[in-house]
Amino acid sequence: RKTPNCYYGREGQVLVHLFSWKWPDIAREYRPWWERYQPVSYKLDSASGSRDEFIDMVNRCKAAGVQIYIDAVINHMAGIDAGTGLGSGGSYYNTQLRFDGVPYGPDDFNTRCTTGSGNIENYADEGQVRNCRLVGLLDLEGGKNSVRSKIADYFDDMLQIGIDGYRIDAAKHMWPEDINATLSMTGVTEDKVEAFVYQEVIENGNEPVKTSQYTHIGRLVEFQYGYKMGDIFKWQHIKLSSLHNFGSDWSMMPSGDALVSIDNHDNQRGHGAGGNVITHKQPEGYKLAVIFMLSWPYGIPRVMSSYDFDQDWTGPPAQSPADGESCGSSWICEHSRGSASFIAFNREGGELNMNLPTGLPGGTYCDVISGDLLNGVCTGKTVTVFSDSTANIRIGSDSSTPVVAIHIGAKA
Ligand code: AAO
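From a predicted model like this one, the values you see are computed outputs, not experimental measurements.

## Notes on the packing of aromatic side chains
Then comes step 1: Counted by the stated rule, this structure contains 16 aromatic pairs.
Then comes step 2: Between the aromatic rings of Trp-33 and Tyr-37, the centroid separation amounts to 6.2 Å while the plane-to-plane angle is 80 degrees, which identifies the pairing as edge-to-face.
Then comes step 3: Overall, Tyr-37 belongs to the buried group, its relative accessible area being 17%.
Then comes step 4: With a centroid separation of 6.1 Å and 85 degrees between ring planes, the pair formed by Tyr-42 and Tyr-104 is classed as edge-to-face. Here Tyr-42 is found in the loop between helix 1 (23-29) and helix 2 (51-63), whereas its partner Tyr-104 is found in the loop between strand 5 (98-99) and helix 3 (126-131), with 62 residues between them in sequence. You'll find Tyr-42 and Tyr-104 in the same group, each marked buried.
Then comes step 5: Arg-130 extends its terminal NZ or CZ atom over the ring of Trp-175, reaching a point 4.9 Å from the ring centre.
Then comes step 6: Of note, Arg-269 hangs over the ring of Phe-309, and the distance from its end group to the ring centre comes to 4.2 Å.

Below, the structure is given as structure tokens:
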């Protein structure tokens with residue numbers, strides 16, 4: 001009676017008095033964001049809302065001309081340390097390999113792993129990467145028809161609801177033929193077209209798993225893009241002027257295979273891949289990087305919208321921007337269109353000489369491509385923005401850097 005029955009390893013810690021809190025808020029407060037990458041069923045009741053709310057969201061987005069692509073976790077189920085319990089959708093699971101909500105049983109999990117721990121121990125071994133557990137997450141046997149058909153049922157359910165495609169989480173840890181066979185068992189979207197697919201395969205030069213093994217299935221996230229954007233806009237190791245051939249000449253996959261982003265939910269907080277990326281924490285450079293990505297013809301761009309955090313595991317704020325919180329507090333909303341900068345590129349082969357809307361307030365701005373604003377003096381070209389926020393933009397076709405970039409932080 002004199003011990004607070006804390007979980008093993010957490011003895012002696014403090015209690016919190018949550019006066020008048022609502023149950024769902026308490027539940028949400030103690031959920032690390034990464035819990036959603038440990039599915040125990042394919043039900044749609046989660047911390048984000050109920051199945052009905054999901055369907056309503058898809059319908060309303062479709063009515064507004066917005067398509068929805070889901071993040072599909074199909075390589076694995078919960079972690080080996082998840083014990084036993086009920087998922088947020090109410091289905092029973094235990095890590096003796098029972099997931100009743102699907103249902104999956106012991107025969108549906110990979111038995112081909114050869115490491116002592118059962119986890120991936122060496123990324124240089126292709127078999128381990130595909131057959132063993134990624135950070136202890138129970139690895140489904142994607143070679144089996146029973147598993148493929150259950151994932152295909154999940155996809156079909158989602159297509160029926162009206163989604164348009166999938167990010168395949170941890171695709172690197174699945175055999176490409178398993179992904180392909182599973183997708184081939186699914187239907188088509190409501191509009192009678194094949195679903196859009198982009199796979200998460202973090203290619204590392206020293207490892208045997210390559211993105212090129214997956215290009216016949218669908219697109220891939222080109223992680224090099226975000227790293228290079230970090231080099232350019234965060235560390236300034238690479239000059240903007242050298243970007244004239246930015247694309248597959250820069251050891252990236254062909255544009256038609258790629259989906260690109262500046263950062264993502266993992267590398268934003270040091271999970272997954274490298275600390276080189278630029279995030280909302282460096283807003284000036286980040287905005288330029290996003291503008292570059294949106295205007296440069298390479299891959300399909302994906303912009304980020306996320307929340308601030310202090311600890312790596314911190315979950316989202318209890319309130320969303322729509323019901324009380326606003327962007328700029330805990331929610332960052334990097335996707336918001338700003339009026340802080342303007343960039344123009346000319347790759348058409350002729351001279352660009354046009355009055356263009358910049359979205360910026362009137363004034364004289366320093367072009368940060370040809371120079372910089374040093375002690376109030378612009379060392380490069382200047383651009384005059386008129387009171388109606390248009391500006392005459394001239395970029396010669398023979399210029400080695402056919403780009404003009406101005407922003408409110410460099411007003412001459
Ligand atoms: C949590 C706990 C774990 C616990 C586990 C099970 O954190 O301690 O063992 O539960 O109880 C997310 C979180 C995980 C979390 C998991 C489940 O990030 O921390 O685990 O949910 O709740 C690899 C994969 C890649 C994966 C990435 C995180 O290849 O697929 O790790 N990303 C996705 C999601 C992610 C999610 C999962 C997958 C799981 O986006 O949010 O996990 O569903 C190298 C390898 C990469 C490897 C990274 C990290 O990367 O090449 O394949 O990614 O290491 O292990 C340079 C190199 C790059 C290298 C990188 C980092 O950039 O170029 O190759 O450095 O060293």
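## Let's talk about the pattern of salt bridges
Then comes step 1: Enumeration according to the criterion identifies 13 salt bridges in this entry.
Then comes step 2: Linking Arg-167 and Glu-200 is a salt bridge whose minimum nitrogen-to-oxygen distance equals 3.6 Å. Taken together, the positions of Arg-167 in strand 7 (residues 165-168) and Glu-200 in the loop between strand 8 (196-199) and strand 9 (219-221) put the pair 33 residues apart, joining distant regions of the chain.
Then comes step 3: The exposure class of Glu-200 is buried, given its relative accessible area of 10%.
Then comes step 4: Here Asp-308 makes a salt bridge to Lys-281, at a shortest N to O gap of 3.6 Å. Taken together, the residues Asp-308 in the loop between strand 11 (300-301) and strand 12 (341-345) and Lys-281 in the loop between strand 10 (258-260) and helix 7 (283-295) connect sequence positions 27 residues apart.
Then comes step 5: Residues joined by salt bridges that share partners form a network here, namely Asp-71, Arg-167, Asp-169 and Glu-200.

## Overview of the sheet that holds strand 7
Then comes step 1: Spatially, the six strands line up as an open sheet ordered 1-7-8-9-10-11, and their pairing is parallel. The open sheet is flanked by strand 1 (69-72) and strand 11, the only strands paired with a single partner.
Then comes step 2: Judged from the two bridges that link them, strand 10 and strand 11 form a sheet pairing that is parallel. Counted as the bridge partner of Leu-259 is Ile-300 from strand 11.
Then comes step 3: Along the sheet face, helix 4 (residues 145-161) touches strand 1 and strand 7 and points at about 160 degrees away from the line of strand 1.

Rules of the game
- Residues numbered from 1 in each chain as written.
- Predicted model: local features only at pLDDT ≥ 70, side-chain atom pairs only at ≥ 80, totals over all residues.
- Heavy atoms only, no water.
- Phe/Tyr/Trp six-rings, centres within 6.5 Å; stacked < 30°, edge-to-face > 60°.
- Buried < 20%, exposed > 50% of the residue type's maximum accessible area, 1.4 Å probe, protein only.
- Helix = DSSP H or I, 4+ residues; strand = E, 2+ residues; numbered from the N terminus.
- Lys NZ or Arg CZ within 6 Å of the ring centre and 35° of its normal.
- Salt bridge = Lys/Arg side-chain N within 4 Å of Asp/Glu carboxyl O.
- Pairing = 2+ DSSP bridges.
- Contact = heavy atoms within 4.5 Å.
- Axes fitted to C-alpha atoms, helices over the stretch in contact; angles between N-to-C directions.

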